[in-house]
Amino acid sequence: MNKSDLKRDRFMLTGALGKKGYDWWWHNFTGYHRKTGEAKAFFIEYFVCNPKLGQDYPVLGQLPEHQAAGVRPSYAMLKAGTWGKDARQIHNFYPISQFSYSNKQLNIKIGASLLTEQRIKGRVKVTKEQAKYHPEYMSDAGEMSWNLAIHKKVAYHAGYGASAPFRWLHAFEMFWHAEGIKAEYSGEVILDGEAYDVIEDRSYGYADKNWGADFTSPWLWISSSNMKSMTTGKALTNSAVEFGGGKPKVWGYSLNRKLLGGFYYEGKMYDYNFSKFWTGSRVDFKFQEGTRYHTWKIRAQNHTSLLELTLRCKADEMLLINYEAPNGKKLHNRLWNGGTGYGTIRLYHKKGKEKVLIDHIEFKNAGCEYGEYGNHDKYGENKESGQYEA
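Computed from a predicted structure; not experimentally measured.

Engineer: Explanation requested: the overall build of the chain in the structure shown.
Structural biologist: Check the secondary structure of the chain and you find three helices and 26 strands. Here the chain holds 390 residues, and the buried ones make up 56% of them. Contacts in the chain between residues at least 24 apart in sequence constitute 68% of all its contacts with a sequence separation of at least 6. Looking at the chain as shown, the accessible area adds up to about 16800 Å², and 49% of this sits on carbon and sulfur atoms.

Written out as structure tokens, the structure reads:
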């Protein structure tokens, strides 16, 4: 479903989630070096953890003394960075006293940084010395600022699983809403003193949010809105693909490995959502970690359509992205995260037992992510996960 739902973009840490919960708003897009024109993929995230436990300083969960005492983290965080040759993540932490929000709409402030549906503005900076001597920051060194307008053009609506009653009951351990699977950004990013222009129709942007009491394992995410038909040779300017999930928990009960997502193809949404059982939706997936490339494969189907997707991303252009859970544990220690993926989609119409090709599509500038708890394999050893062999 491509239904916009701005209520799901609001701050969600009420009730029990205020003391054991996180809420974040994620953005990624492509910018172009002002002098050379070189393309670079960026991401920005506004993150809040356990606000009702807030002090007048950020409480960092990875400090050894906090780990020993079982102290839960509490802070607002700005996460920003880039993928590619110099992929990195930069984290700045703020006390909850420097965080504010609106009950009526998305309007977040962390320090002097701002977030609304239409605009993001902010700055992060971590020195080499800070990154070296403060591992609790979980951060690389660098400096980045941004001032961007956002136009969210296509949403992916997860359905009743994130509806108001389920949110109020905190039914799921991890909720998700993607208000901008196709989002256009415009403005400026400054990375280590170098200016990048973000151009609306070439930004290939994405915006979503996650919230809940804990993360999922496995954790998979795929998105792209830079698409071209290999059948006709034409750019698909009104299309975007989105998949996410892993192993959801409902009221503490773990479901089998499940993804949900959809392909918005030139104005029509092909939806593959396990919670809509009447549609016959099923999504099988596989991830393979390699020495040079990581590979994702998805086979999604419902009563009327079939989608086959393969994505690759260069390992040296990705991050092992860092998060700590609201309980203070850091169990995702091999969570691959990238924004320079590319691949193909074959979309079919199902007619009885036959399938008829609708289009063969190539996509670029893809966001991609995969990780599992306890996956500490040495880099370079092939690691296969999932169910589907394409």
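Engineer: Even after reading the chapter, I still don't get the pattern of salt bridges, so can you show me in this structure?
Structural biologist: Side chains bearing opposite charge may pair, as long as their charged atoms lie close to each other. Applying the stated rule across the entire model yields 15 salt bridges. Two residues, Asp197 and Arg34, come together in a salt bridge whose shortest N-O distance is 2.7 Å. Taken together, the positions of Asp197 in strand β11 (residues 194-198) and Arg34 in the loop between β1 (22-33) and β2 (39-49) put the pair 163 residues apart, joining distant regions of the chain. On the basis of relative accessibility, which here comes to 44%, the residue Arg34 falls in the partly exposed class. Salt-bridge contacts for Lys152 lead to Glu117; the nearest nitrogen and oxygen are separated by 2.6 Å. With Lys152 in strand β9 (residues 142-156) and Glu117 in the loop between β7 (113-116) and β8 (119-126), this residue pair connects regions lying 35 residues apart in the sequence. Among the residues examined, Glu117 registers a relative accessible area of 11% and is labelled buried. The network of salt bridges with shared partners includes Lys40, Asp86, Arg88 and Asp192.

Engineer: Can you walk me through the nonpolar core in this structure?
Structural biologist: As a rule of thumb, nonpolar side chains are buried together in soluble globular proteins. The biggest cluster of nonpolar side chains holds 37 residues, and the ones touching the most others in it are Met144 and Trp146. Looking at this core element by element, the count peaks at five residues for strand β10 (residues 174-191). What Trp146 contacts, discounting residues up to four positions off in sequence, is Ile44, Tyr46, Ala80, Ile120, Lys121, Gly122, Arg123, Val124, Glu188 and Val189. Formed by 34 residues, the second largest nonpolar core is a distinct cluster that contains Val154, Ala158, Ile181 and Phe215.

Engineer: Looking at this model, I keep getting lost on the pairing of strand β20 (residues 282-289). Mind explaining?
Structural biologist: Each regular strand displays side chains that alternate between the two surfaces of the sheet. Of all the eight residues making up β20, six are buried; the element is thus mostly covered by neighbouring parts of the structure. Where β20 and strand β21 (residues 293-301) come together, eight bridges link them in antiparallel fashion. Following the sheet pairing, Asp284 is matched in β21 by Arg299. Hairpin geometry of β20 and β21 is characterised by an intervening segment of three residues between the two adjacent antiparallel strands.

Engineer: What is the right way to read the environment of Thr232 from this model?
Structural biologist: Tracing the chain through its elements places Thr232 in the loop between β14 (226-229) and β15 (240-246). Of note is the side chain of Thr232, whose polar atom sits 3.2 Å from the backbone nitrogen of Lys234.

Engineer: Explain the packing of aromatic side chains to me, please; I cannot follow it from the model alone.
Structural biologist: When we look at a pair of aromatic rings, we describe it by the centre distance and by the angle of the planes. Overall, the coordinates contain 32 aromatic pairs when judged by the stated rule. Summarising the aromatic geometry, the rings of Phe11 and Tyr101 are spaced 4.1 Å apart at their centres and angled 35 degrees between planes, so their arrangement reads as tilted. Here Tyr101 lies in the loop between β5 (99-100) and β6 (107-110) and Phe11 lies in the segment before β1, a separation of 90 residues in the sequence. Using a relative accessible area of 10% as the deciding quantity, one classes Phe11 as buried. On the accessibility criterion, Tyr101 (38% relative accessible area) is partly exposed. Through a chain of ring-to-ring contacts, three or more aromatic side chains come together here, namely Tyr22, Trp24, Phe47, Tyr75, Phe93, Tyr137, Phe215, Trp219 and Tyr323. Lying across the ring of Tyr32, Arg202 places its NZ or CZ 3.9 Å from the centre.

Engineer: What is the right way to look at unusual backbone geometry in this model?
Structural biologist: The omega torsion of the bond from Ser217 to Pro218 falls at 0 degrees, within 30 degrees of zero and hence cis. The backbone of Asp192 sits at a positive phi, close to 50 degrees, despite the residue not being glycine. Tracing the sequence through the fold places Asp192 in the loop between β10 and β11. With relative accessibility at 39%, the residue Asp192 sits in the partly exposed group. Within the chain, Asn365 stands out as a residue other than glycine whose phi angle is a positive 50 degrees. Classification of Asn365 by relative accessible area gives partly exposed; the value is 23%.

Cut-offs used in this document
- Residues numbered from 1 in each chain as written.
- Predicted model: local features only at pLDDT ≥ 70, side-chain atom pairs only at ≥ 80, totals over all residues.
- Heavy atoms only, no water.
- Helix = DSSP H or I, 4+ residues; strand = E, 2+ residues; numbered from the N terminus.
- Buried < 20%, exposed > 50% of the residue type's maximum accessible area, 1.4 Å probe, protein only.
- Contact = heavy atoms within 4.5 Å.
- Areas by Shrake-Rupley, 256 points an atom, 1.4 Å probe, with all protein chains shown as cover.
- Salt bridge = Lys/Arg side-chain N within 4 Å of Asp/Glu carboxyl O.
- Core = buried A, V, L, I, M, F, W, Y, C linked by side-chain atoms within 4.5 Å.
- Pairing = 2+ DSSP bridges.
- Polar contact = N/O pair within 3.5 Å; in protein donor to acceptor, adjacent residues only side chain to side chain.
- Phe/Tyr/Trp six-rings, centres within 6.5 Å; stacked < 30°, edge-to-face > 60°.
- Lys NZ or Arg CZ within 6 Å of the ring centre and 35° of its normal.

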